[in-house]
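# Survey of secondary and tertiary structure
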Amino acid sequence: MDRGDVGPGGSRAIVVRVPVEPVEAAVEADAVDAVARAGNVVVRGPLFGVAAQGAGDGPRWRVVLAVTDGCPQVARDGLNSHLWFRAKDEAQDRAERRALLAAVARLESERVDELVVAGTRYRVVRAEEYAGAGPGGMEAPRPTDPEPLVPNWDRAVKDPGIDDGLVLDPDAPVTPTQALERLALRGLCYNGKRFPEDVRADARRALVTHPDVLLLPPTFTVVEKSASSWKPVTGPHVSAHSARKSLDFALTWMWPRMDGHIPDDADPHTDARTWATGAGAADRRAAELIAYAGAADALRAGRVNRLDFRGTVYQIVRTRRLLRWGPDGPEGPRPSDTNTQEPVRMHPALDEDGRVLPED
């Protein structure tokens, strides 16, 4: 991708606020330093989610399903479930339930990207995922990115969700560095010959139909370094610590099972630490599991963002997302976006009173 020319007309003015609080000023200074360290943009591809707009929202949209899905149909399926559970548990009367179930029926058989249901407008939205990069590689978490005072590694403790409560407001004031980033990325466009012509044509069209961009909150991803590139391993996550927890889980629970060092029938609460010291571990298995546990212990030693394990480098990277915006709001899926699956029925039928009907 490159920074092409912005499409003519239609761009909104960006309202800039001057940081006055010390914390916000520190975040601004951190953002400036980040450009010096990793000022290039590496684009991974589109992500999809669902936003909603009510009668009193004005130009604003509320994210109801996080913009993290790699395929537009996955977001449509998420909207299917969202509306089905609303019909089952929240509908105030039969008329509202009928409207919700009619929308569900469409989503079961059609690739629908926008619906108006019970006074609320729902749209599948599209964002571009990217990261900063520089001589030192992809951008790591910044010093001012939120971190827990006391890291909690308990997998039973649920972290906040990505985009929870996020309101997309094109007129909200932004800081100077946010404004500069939005201006710099307005013309971001698929332009290389390695992209099919329909993909490039859709990208050029989006510069005209959706000339502005909004920046979504950063996410954090575990990537694995190969000889020529970085490949995502887990993620995205709401914080760097959440990403570290996912790598810890892979090291102590998932990978030992995938590699056969912990039997499939082992207690699901057993991890590399407990199995390596238990009576069930043979000598060879114990040695392997001690290595997994040692890598996890090194990860837990502090705010570790880079880990070498068995010749592979794993790194926590700071990933970002931009969402294009036009006169009618956020951009939806493009015709050239790939759907990896078809619409399907996901839930049993409900009657008008919200009762689950028996299968035929």
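Check the entry above for the structure.
Residues numbered from 1 in each chain as written. Predicted model: local features only at pLDDT ≥ 70, side-chain atom pairs only at ≥ 80, totals over all residues. Heavy atoms only, no water.

## With respect to the overall build of the chain
As a reminder of what qualifies: What counts as a helix is a DSSP run of H or I of at least four residues, what counts as a strand is a run of E of at least two, and both are numbered from the N terminus. Using C-alpha atoms as the atom set, the radius of gyration is obtained and then compared with a globule rule of 2.2 Å times the number of residues to the power 0.38. Remark: exposure states derive from per-residue accessible area (1.4 Å probe, protein chains only) relative to the maximum for the residue type, with buried under 20%, exposed over 50%, and partly exposed in between.
Counting secondary structure elements, the chain contains eight helices and 13 strands. Relative to the 2.2 N^0.38 estimate, which gives 21 Å for 360 residues, the radius of gyration of the chain is 23 Å and therefore close to what a compact globule would have. Counting only C-alpha atoms, the chain reaches 65 × 60 × 45 Å along its principal axes. Every one of the 360 residues in the chain was classed for burial, and the buried ones make up 46%.

## With respect to the nonpolar core
In plain terms, the rule: Here, the term nonpolar core denotes a set of buried Ala, Val, Leu, Ile, Met, Phe, Trp, Tyr and Cys residues that are joined through side-chain atoms within 4.5 Å.
Counting 24 residues, the largest nonpolar core has Leu247, Leu251, Trp255, Leu289 and Tyr292 as its most contacted members. Among the secondary structure elements, those contributing two or more residues to this core are β9 (212–225), α6 (240–258), α7 (272–276), α8 (283–299), β11 (306–309) and β12 (312–326). Looking at this core, the element that brings in the most residues is α6, giving six residues.

## Points about the pattern of salt bridges
Quick reminder of the rule: Salt bridge, as used here, is a side-chain nitrogen of Lys or Arg placed within 4 Å of a carboxyl oxygen of Asp or Glu.
Counted according to the given criterion, the structure contains 37 salt bridges. A salt bridge links Arg321 to Asp163; its shortest N-O distance comes to 2.9 Å. Pair noted here: Arg321 is in strand β12 and Asp163 is in the loop between β6 (137–138) and β7 (167–168), with a separation of 158 residues, a long-range link. Note on accessibility: Arg321 and Asp163 belong to one class, buried. We note a salt bridge from Asp353 to Arg355, for which the minimum N-O separation is 3.5 Å. Classification of Asp353 as partly exposed rests on a relative accessible area of 34%. By sharing partners, the salt bridges in this structure join Arg94, Arg98, Asp351, Glu352, Asp353 and Arg355 into a single network.

## Some words on the environment of Pro211
Structurally, the position occupied by Pro211 is in the loop between α5 (197–209) and β9. Here the alpha-carbon distance between Pro211 and Arg37, two residues 174 residues apart in the chain, equals 28 Å.

## Details of the packing of aromatic side chains
Two aromatic rings are characterised by how far apart their centres lie and by the angle between their planes. Put simply, the test is: Aromatic rings from Phe, Tyr and Trp, with only the six-membered ring used for Trp, were paired whenever their centres fell within 6.5 Å, and each pair was classed as stacked if the ring planes differed by under 30 degrees, edge-to-face if by over 60, and tilted otherwise. Throughout this description, the term charge over a ring refers to an Arg CZ or Lys NZ atom that lies within 6 Å of the ring centre and within 35 degrees of the ring normal.
Applying the stated rule across the entire model yields five aromatic pairs. Taking the centre distance of 4.9 Å and the plane angle of 90 degrees together, the rings of Trp84 and Phe85 count as edge-to-face. Owing to a relative accessible area of 6%, Trp84 belongs among the buried residues under this scheme. On the basis of relative accessibility, which here comes to 39%, the residue Phe85 falls in the partly exposed class. An angle of 50 degrees between the planes, with centres 5.4 Å apart, marks the rings of Tyr292 and Phe309 as tilted. Here Tyr292, found in helix α8, pairs with Phe309, found in strand β11; they are 17 residues apart in sequence, far enough to count as distant. Taken as a pair, Tyr292 and Phe309 share a single burial class, namely buried. Geometry around Trp253 places Arg257 over its ring, the cationic atom sitting 4.0 Å from the centre.

## Things to note about the layout of surface pockets
Spelled out, the test is: Here a cavity means grid points, on a 1 Å grid over the protein atoms only, where a 1.4 Å probe fits yet cannot get out; a pocket means an open set of points with protein on both sides within 12 Å along at least five of seven lines; lining residues are those with an atom within 4 Å of a point. Grid points are joined across faces, edges and corners, and a volume is the space filled by probe spheres set on the points. Think of it as three bins: nonpolar holds Ala, Val, Leu, Ile, Met, Phe, Trp, Tyr, Cys and Pro, charged holds Asp, Glu, Lys and Arg, and polar takes everything else, Gly as well.
Within this model, the largest pocket holds a volume of roughly 1300 Å³. Where the lining of the largest pocket is concerned, the elements lending two or more residues are α1 (22–37), β2 (40–53), β7, α4 (176–185), β9 and β12. Counting residues per element, the lining of the largest pocket draws most heavily on α1, at nine residues. Split into classes, the residues belonging to the lining of the largest pocket amount to 27 nonpolar, nine polar and 14 charged.

## A few points about the side chain of Thr120
Basically, it comes down to this: In this description, contact between two residues means that some pair of their heavy atoms is separated by no more than 4.5 Å.
Tracing the chain through its elements places Thr120 in strand β5 (residues 120–134). On the basis of relative accessible area, Thr120 is assigned to the buried category, the value being 15%. With near-sequence residues (within four places) excluded, Thr120 lies in contact with Ala52, Gln53, Arg62 and Leu115.

## Overview of the environment of Arg320
The following threshold applies: Whenever two N or O atoms come within 3.5 Å, that pair is a polar contact, provided that in protein one can donate a hydrogen and the other can accept it, and provided that, for residues adjacent in sequence, both atoms are side-chain atoms.
As for its position among the elements, Arg320 is in strand β12. Note on Arg320: relative accessible area 11%, which makes it buried. Spatially, the C-alpha atom of Arg320 lies 5.2 Å from that of Tyr130, the residues being 190 residues apart in sequence. Setting aside chain neighbours within four positions, we find Arg320 in contact with Glu128, Glu129, Tyr130, Ala131, Gly132, Glu139, Arg142, Glu181 and Pro218. Side chain to side chain, Arg320 and Glu181 meet in a polar contact 2.6 Å long.

## Focus on the pairing of strand β3 (residues 61–69)
Formally: Here, any two strands with at least 2 DSSP bridges between them count as paired.
Where β2 and β3 come together, four bridges link them in antiparallel fashion. Looking at β3, one finds that Val50 is bridged to Leu65. Taken together, the two bridges between β3 and β7 define a ladder with antiparallel strand orientation. Within β7, the residue paired with Arg62 across the bridge is Val167.

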